[in-house]
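The primary structure of each chain is shown beneath.
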Amino acid sequence: MMRVSLRIPAGLPERATARAAADRRSLNSEILHPLEAALAAPRADAGSPGGDPAPPAPLRGKPDSSPA
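Residues numbered from 1 in each chain as written. Predicted model: local features only at pLDDT ≥ 70, side-chain atom pairs only at ≥ 80, totals over all residues. Heavy atoms only, no water.

**Q** Help me out: how do you make sense of the side chain of E30 in this one?
**A** Mapped onto the elements, E30 comes out in helix 2 (residues 27-40). Overall, E30 belongs to the buried group, its relative accessible area being 9%. When residues no more than four places from it in sequence are discounted, the contact partners of E30 are A16, R19, A20, D23 and R25. (Helix = DSSP H or I, 4+ residues; strand = E, 2+ residues; numbered from the N terminus. Buried < 20%, exposed > 50% of the residue type's maximum accessible area, 1.4 Å probe, protein only. Contact = heavy atoms within 4.5 Å.)

Listed below in structure tokens is the structure:
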């Protein structure tokens, strides 16, 4: 098991703790449940989140800068 430190917005820990209690889970399990579900779900597309493929990275240097 790996330990991870997160920055969580104010108010979210209390909401997560309340949800964990309602679901009869530990806080850790309550946080892992949606994370595991999100990672197990098939992705709608392999492109960017907007659905459009990401543009290629810009070239660096001169186009003919290969060593001679």
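Text resumes after the structure shown.
**Q** What is the right way to look at the environment of N28 in this model?
**A** You can see N28 is positioned in helix 2. Along the sequence, N28 and T17 sit eleven residues apart, while their C-alpha atoms lie 9.4 Å from each other.

**Q** Would you explain the layout of surface pockets in this entry?
**A** Sizing a probe to match a water molecule and rolling it over the atoms shows the empty space that remains. In this structure, the largest pocket encloses a volume near 650 Å³. Taken together, 17 residues make up the lining of the largest pocket; nearest its centre are L6, L27, N28, I31 and L32. When contributions to the lining of the largest pocket are tallied by element, the ones reaching two or more residues are helix 1 (12-22) and helix 2. Classifying every residue of the lining of the largest pocket gives twelve nonpolar, one polar and four charged. (1 Å grid on protein atoms, 1.4 Å probe; cavity = no way out; pocket = protein on both sides within 12 Å on 5 of 7 lines; lining within 4 Å. Points joined across faces, edges and corners; volume = space filled by probe spheres on them. Nonpolar A, V, L, I, M, F, W, Y, C, P; charged D, E, K, R; others polar.)

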